[in-house]
Every structure is written in structure tokens, then in C-alpha cells.
Amino acid sequence: VQLVESGGGLVQPGGSLRLSCAASGFTFSSYGMRWYRQAPGKERELVAVISSAGDSTNYTDSVKGRFTISRDNAKNTVYLQMNSLKPEDTAVYYCHARRVVVAASYWGQGTQVTVSS
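Residues numbered from 1 in each chain as written. Predicted model: local features only at pLDDT ≥ 70, side-chain atom pairs only at ≥ 80, totals over all residues. Heavy atoms only, no water.

Trainee: Teacher, can you tell me more about the state of the cysteines here?
Mentor: Summed over the entire model, instances satisfying the criterion amount to 1 disulfide. Shown here is the disulfide that connects Cys 21 with Cys 95, its sulfur atoms set 2.0 Å apart. Negative torsions about the S-S bond denote left-handed disulfides, and the value of about 45 degrees found for Cys 21 with Cys 95 makes this one right-handed. Linking Cys 21 in strand β3 (residues 17–24) with Cys 95 in strand β9 (residues 91–99), this pair joins segments that are 74 residues apart in sequence. Look at Cys 21 and you get buried, because its relative accessible area is 0%. Exposure remark for Cys 95: the relative accessible area of 0% places this residue in the buried category. (Disulfide = S-S within 2.5 Å. Helix = DSSP H or I, 4+ residues; strand = E, 2+ residues; numbered from the N terminus. Buried < 20%, exposed > 50% of the residue type's maximum accessible area, 1.4 Å probe, protein only.)

Trainee: I would appreciate a short explanation of the sheet that holds strand β1 (residues 2–6) in the present structure.
Mentor: The strand order across the open sheet formed by 4 strands is β1-β3-β8-β7, and the pairing between neighbours is antiparallel. At either end of the open sheet lies a strand with only one pairing partner, and these are β1 and β7 (67–72). Pairs of neighbouring strands in the sheet enclose a mean axial angle of 15 degrees, with direction left out of account. Alignment of β1 against β3, held across 5 bridges, turns out to be antiparallel. When the sheet's bridge partners are listed, Leu 3 is paired in β3 with Ala 23. (Pairing = 2+ DSSP bridges. Axes fitted to C-alpha atoms, helices over the stretch in contact; angles between N-to-C directions.)

Trainee: Can you help me understand unusual backbone geometry in this one?
Mentor: The general pattern is negative phi for most residues beyond glycine and trans for most peptide bonds. Despite not being glycine, Asn 76 has its phi angle at roughly 55 degrees, a positive value. Within the secondary structure layout, Asn 76 lies in the loop between β7 and β8 (77–82). Residue class for Asn 76 comes out partly exposed when judged on its relative accessible area of 28%.

Trainee: Would you mind going over the nonpolar core with me for this structure?
Mentor: One broad trend across soluble globular proteins is that nonpolar side chains are buried collectively. In terms of nonpolar packing, the biggest core is built from 30 residues, with Trp 35, Val 78, Leu 80, Met 82 and Tyr 93 touching the most fellow members. Of all the secondary-structure elements, those providing two or more residues to this core are β3, β4 (32–38), β5 (45–50), β7, β8, β9 and β11 (111–115). If we skip the residues at most four places from it in the chain, Tyr 93 touches Glu 5, Leu 19, Trp 35, Tyr 36, Arg 37, Val 47, Phe 67, Leu 80, Met 82, Gly 110, Thr 111 and Val 113. (Core = buried A, V, L, I, M, F, W, Y, C linked by side-chain atoms within 4.5 Å. Contact = heavy atoms within 4.5 Å.)

Trainee: Even after reading the chapter, I still don't get the side chain of Arg 66, so can you show me in this structure?
Mentor: Along the polypeptide, Arg 66 turns up in the loop between β6 (57–59) and β7. Contacts of Arg 66, omitting those with residues within four sequence positions, involve Gln 81, Met 82, Asn 83, Ser 84, Leu 85, Lys 86 and Asp 89.

Trainee: Even after reading the chapter, I still don't get the environment of Leu 19, so can you show me in this structure?
Mentor: Along the chain, Leu 19 falls in strand β3. We classify Leu 19 as buried; its relative accessible area is 0%. Separated by 13 residues in sequence, Leu 19 and Ser 6 place their C-alpha atoms 5.7 Å apart. For Leu 19, the contacting residues outside a window of four places in its chain are Ser 6, Gly 7, Gly 8, Trp 35, Val 78, Tyr 79, Leu 80, Met 82, Tyr 93, Thr 111 and Val 113.

Nothing here speaks to function; it is all geometry.
Listed below in C-alpha cells is the structure:
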């Protein structure tokens, strides 16, 4: 099982980034997917959730209207489009796969997002 994030980097406030998470080794289309983030000295925070079919999404309040989670089950990939980025969005972003019925849970290694001028 692998979850490989990419797309992080340094961006100025107000800028945009698109994170990708490529999955392999499990039936991606059967798993709900999540993006978490962890800033230095803070607990890991749930950012966005998407259902296995991609027909339901949810966001933490601080990113609503700015971030969009999506998935392409044909490509086994989940995305996080981040617009209007703020310095407080700086964190390591992790993707997570979860299927409750089989108690399965997988994490990626994380990708750094830094928002700074």
C-alpha cells in the first residue's frame, strides 16, 4: 500500500497550489479520502474529506470557500486545490485513506506547504 503526496512548495500569500495524492496497493474507489495538515508545534488537523464515490465533501471552517477536494477514481488520485493561501495554511499536508467496514487506514508521507512572502 502506498499513498504518495506531491505538489507542495513555497507560495506567496494569496497564491494557489494543487496537491495530489497517488494511491496504489488497495481498492482506491472503495475508500473515503481525507487531507490532514500539521503545523509546527500543533496537532494534526483534518482539512477536507471526500466520499469514496466523490459525491460528498466536507471541510474544516478555516478553509471553506478556499480549498476544494476532488478525486479521480480512474487515476487512483485525490487532489486538494488550495486558493487564496494564507500564512496560517503553512503545514505538512498528509493524505489519508480510510474504509471503516474493514478497519483499514493508510497514511501518506506528507508534503510541505509554506505560505510566505
